[in-house]
Amino acid sequence: MGKLAVGALRAVLVMVLVGTVFVQALMVWALVSGKDPEDGSLPLTALRVITILGMVSVQVAVVCVGRLVTMVRRGTVFSHAAFRYVDGVIGAIVAAALVWFAVTAVNAPGQRDDPGVTVIMGGIGVAILGVALIVLVLRMLLAQAVARDAEASQLQAELAEVI
């Protein structure tokens, strides 16, 4: 990975991290302040708590991706240490899907006249789970690459002994 790509990705990750912390702070402030313009159409308190939890899942994914980028830059990504961060990304995506399903459940009673919105929201949740499955497949590819790298190192050591 080039320095420009790494720098750009790190800048994006920092902006996302700062943005999620800002949103969380606003949601906590809205919960604590008690100034709620709630007219009863949506349970805003539940949605704010769900938003805070959703931002946590994004933050976990951002930190894990940041660590993986560091490992790529150092050339150590093909190691068993990378699995912890890939598993963190998978867990964060699954958590984000669960948070989305919670938003769907909270929103569903208001959609009785048009249940298609709830079905679409449920479909989006399933798509988010599909992204987690894609990352799981990429994790399996990483496992194969780590195994090949270990095998190549072993063969290189054997060749060095012969020479």
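Treat the numbers as computed from the prediction; the structure is a model and nothing was measured. (Residues numbered from 1 in each chain as written. Predicted model: local features only at pLDDT ≥ 70, side-chain atom pairs only at ≥ 80, totals over all residues. Heavy atoms only, no water.)

Novice: Can you explain the overall build of the protein chain? Please cite residues and give values.
Specialist: Scanning the protein chain from terminus to terminus reveals four helices and zero strands. Taken from N to C terminus, the helices and strands of the protein chain fall in the order α-α-α-α. Its C-alpha atoms give the protein chain a radius of gyration of 21 Å, more than 25% over the compact-globule value 15 Å for 163 residues. Dimensions of the protein chain, computed from the C-alpha atoms along their principal axes, are close to 80 × 30 × 25 Å. Sorting the 163 residues of the protein chain into buried and exposed places 27% on the buried side. In the protein chain, of all internal contacts separated by at least 6 residues, the share reaching a separation of at least 24 is 71%. Accessible surface, the protein chain: about 10,400 Å² in total, of which carbon and sulfur atoms supply 72%. A gap of 11 Å separates the mean positions of the 11 positive and 10 negative side-chain charges of the protein chain. (Helix = DSSP H or I, 4+ residues; strand = E, 2+ residues; numbered from the N terminus. Rg over C-alpha atoms; globule rule 2.2 N^0.38 Å. Buried < 20%, exposed > 50% of the residue type's maximum accessible area, 1.4 Å probe, protein only. Contact = heavy atoms within 4.5 Å. Areas by Shrake-Rupley, 256 points an atom, 1.4 Å probe, with all protein chains shown as cover. Lys, Arg positive; Asp, Glu negative; His and termini not counted. Charge placed at Lys NZ, Arg CZ, Asp CG, Glu CD.)

Novice: An account of the nonpolar core is needed here, citing residue identities and associated values.
Specialist: Counting 15 residues, the largest nonpolar core has Leu-68, Met-71, Ala-82, Val-86, Val-135 and Leu-142 as its most contacted members. It is helix α3 (residues 81-107) that provides the largest number of residues to this core, a total of seven residues. Contact partners of Leu-68, with chain neighbours within four places excluded, come to Val-77, Ala-82, Tyr-85 and Val-86. Grouped together as the second largest cluster of nonpolar side chains are five residues, Leu-47, Ile-50, Val-99 and Met-121 included. (Core = buried A, V, L, I, M, F, W, Y, C linked by side-chain atoms within 4.5 Å.)

Novice: Give me a positive patch on the surface: which residues, what numbers.
Specialist: Together, Lys-3, Arg-10, Arg-67, Arg-73, Arg-74 and Arg-84 line one region of the surface with positive charge. Contributions of two or more residues to the positive patch are made by α1 (3-33) and α2 (44-74). Sort the elements by how many residues they give to the positive patch and α2 lands first, with three residues. Examined against the element boundaries, Lys-3 turns out to sit in helix α1. Overall, the relative accessible area of 67% leaves Lys-3 in the exposed class. (Patch = residues over 30% accessible without salt bridge, like charges linked within 9 Å, V, L, I, M, F, W, Y side chains within 5 Å. Salt bridge = Lys/Arg side-chain N within 4 Å of Asp/Glu carboxyl O.)

Novice: Tell me about the pattern of salt bridges, and please be specific about residues and values.
Specialist: It is possible for side chains bearing opposite charge to pair when their charged atoms get close. One pass over the full model with this rule turns up one salt bridge. Notably, a salt bridge pairs Arg-139 with Asp-87, separated by 2.5 Å at the nearest N-O pair. Of this pair, Arg-139 sits in helix α4 (residues 116-162) while Asp-87 sits in helix α3, and the two are 52 residues apart along the sequence. The class for Arg-139 is partly exposed, based on a relative accessible area of 24%.

Novice: Would you mind going over the packing of α1 against α2 in detail, with residue names and values included?
Specialist: In the contact formed by α1 and α2, the axes pass within 9 Å of each other and the chain directions differ by 160 degrees. Between α1 and α2, the interaxial angle falls into the category roughly antiparallel. The way α1 lies across α2 gives a crossing that is left-handed. A class-by-class count of the residues in the contact of α1 with α2 yields 19 nonpolar, seven polar and four charged. (Axes fitted to C-alpha atoms, helices over the stretch in contact; angles between N-to-C directions. Parallel < 35°, antiparallel > 145°, perpendicular 65-115°, else oblique. Left-handed = near helix turned anticlockwise from the far one by under 90°. Nonpolar A, V, L, I, M, F, W, Y, C, P; charged D, E, K, R; others polar.)

Novice: Mind laying out the side chain of Gln-24, listing which residues take part and the relevant values?
Specialist: The topology assignment puts Gln-24 in helix α1. If we ignore the near neighbours within four places in the chain, the residues touching Gln-24 are Ile-52, Met-55, Val-56 and Gln-59.

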